[in-house]
Amino acid sequence: MTRQPVLTIAGSDCSGGAGIQADIKTITVLGGYGMSAITALTAQNTIAVQGILPVPADFLKQQLESICSDIPPLAVKIGMVYDIPQIQTIVEVIQRYQLPHVVVDPVMIATSGTNLIRTEAVQVLETKLLPLASLITPNIPEAQAMTGLEITSPGQMEQAAAALSRAYGTAILLKGGHCVCTSNDLLYCDGEPTWIPGQKIPTDNTHGTGCTLSSAIAVFLAQGFSLEHSVRRAKNYITHTIQAGLTLGHGNGPIAHNYRIGEVM
């Protein structure tokens, strides 16, 4: 049996909808072998983030060294990183082990509005970590914060994605889920924009969609698919997890990562 090892570096979501838990579910159901290095424990649910306990950078380094020295990942997804020492540690490990297919989901603010990264760490994230990525997957609010540009139209999405690609020297997937009428994503790579059409699904249960999408892309890259094909396959998967209509919690509920397994059972 062959399973491509995929590493997720992110925070833990005790309610299971986002973060490490969403990543491991995604990697597993899509046929990869999931490994994790946890950056923070969070107390959160579908309503809000109640608390954050960051992992010390030296212990994060121990996790990463344990993984990379024994089971080198074929792709890496990076989500929540909390402070400067953590970012510096991740950068060091990526460079030392020459980790391939690094997909960075620049998680800065939770859906509930809680800051998930220290303010002083944002600049280090942008100058040290993002340039090492193969793909960065911001949503529209994150792209607006990173570029200072207003994004309310497809043309402005292309302008922002181009600016981010130039700034970090990497491919950009600008997610369109915050658009009112559509859910089209924009893949900007090597100076060329490619639109990935998406269906707008009327639901509030979208907790963890960003984590899930970036993890799915990492899995498909590890399996040898091209970047565009990986993005399209991941987009198809995330659409089905939302369409499944899972209803849990009293707030912004999770998606059905295991909808296929549920159908079989």
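Above this text sits the structure in question.
Attention in this report is confined to the structure presented alongside it. If you're wondering where the values come from, they're calculated on a predicted model, not measured in any experiment. (Residues numbered from 1 in each chain as written. Predicted model: local features only at pLDDT ≥ 70, side-chain atom pairs only at ≥ 80, totals over all residues. Heavy atoms only, no water.)

## Observations regarding the sheet that holds strand β9 (residues 192-196)
Here comes step 1: Across the sheet, nine strands lie side by side as β3-β2-β1-β4-β5-β6-β7-β8-β9; this open sheet has mixed pairing. What marks the edges here is a single partner per strand, and that holds for β3 (49-54) and β9.
Here comes step 2: In terms of strand pairing, strand β5 (residues 102-104) meets strand β6 (residues 135-136) through two bridges, oriented parallel. Counterpart to Val 103 in the pairing with β6 is Leu 135.
Here comes step 3: Against the sheet, helix α8 (residues 227-243) makes contact with β6, β7 (171-174), β8 (185-189) and β9, and its axis sits at roughly 25° relative to β9, the strand it touches most. (Pairing = 2+ DSSP bridges. Helix = DSSP H or I, 4+ residues; strand = E, 2+ residues; numbered from the N terminus. Contact = heavy atoms within 4.5 Å. Axes fitted to C-alpha atoms, helices over the stretch in contact; angles between N-to-C directions.)

## Description of the packing of helix α2 (residues 57-68) against helix α3 (residues 84-97)
For any two helices packed against each other, one specifies the inter-axial angle together with the distance between the axes.
Here comes step 1: For the pair α2 and α3, interaxial distance at closest approach is 9 Å and the crossing angle is 20°. In this view, α2 runs roughly parallel relative to α3, as classed from their interaxial angle. In terms of crossing hand, the pair formed by α2 and α3 is right-handed. Taken together, the residues of α3 that come into contact with α2 (itself represented by Ala 57, Leu 60, Lys 61, Leu 64, Glu 65 and Cys 68) are Pro 85, Gln 86, Thr 89, Ile 90, Glu 92, Val 93, Arg 96 and Tyr 97.
Here comes step 2: Of the residues contributing to the contact of α2 with α3, the split by class is eight nonpolar, two polar and four charged. (Parallel < 35°, antiparallel > 145°, perpendicular 65-115°, else oblique. Left-handed = near helix turned anticlockwise from the far one by under 90°. Nonpolar A, V, L, I, M, F, W, Y, C, P; charged D, E, K, R; others polar.)

## Describing the nonpolar core
What tends to happen in soluble globular proteins is that the nonpolar side chains get buried as a cluster.
Here comes step 1: One finds Ile 9, Ile 78, Ile 87, Ile 90 and Leu 174 to be the most contacted residues of the largest nonpolar core, which totals 43 residues.
Here comes step 2: Looking at which element gives the most residues to this core, the answer is helix α6 (residues 154-168), with six residues.
Here comes step 3: Sequence-distant contacts of Ile 78, that is, excluding residues within four places in its chain, are made with Ile 9, Ile 90, Ile 94, Val 102, Val 103, Val 104, Asp 105 and Leu 129.
Here comes step 4: Core analysis: the second largest hydrophobic core is formed by 27 residues, Leu 213, Phe 220, Leu 221 and Ile 255 among them. (Core = buried A, V, L, I, M, F, W, Y, C linked by side-chain atoms within 4.5 Å. Buried < 20%, exposed > 50% of the residue type's maximum accessible area, 1.4 Å probe, protein only.)

## Here's the deal with the packing of aromatic side chains
Here comes step 1: Within the structure shown, the criterion is met by two aromatic pairs.
Here comes step 2: Taking 6.0 Å as the distance between ring centres and 85° as the angle between the ring planes, the aromatic pair formed by Phe 220 and Phe 225 counts as edge-to-face.
Here comes step 3: Here Tyr 237 and Tyr 259 contribute two aromatic rings whose centre-to-centre distance is 6.1 Å and whose plane-to-plane angle is 35°, an arrangement assigned as tilted. Taken together, the residues span a long stretch of sequence, with Tyr 237 in helix α8 and Tyr 259 in helix α9 (residues 259-264) at a distance of 22 residues. Side by side, Tyr 237 and Tyr 259 carry an identical accessibility label, which is buried.
Here comes step 4: Above the plane of the ring of Phe 225 lies Arg 233, whose end atom (NZ or CZ) is 4.3 Å from the centre. (Phe/Tyr/Trp six-rings, centres within 6.5 Å; stacked < 30°, edge-to-face > 60°. Lys NZ or Arg CZ within 6 Å of the ring centre and 35° of its normal.)

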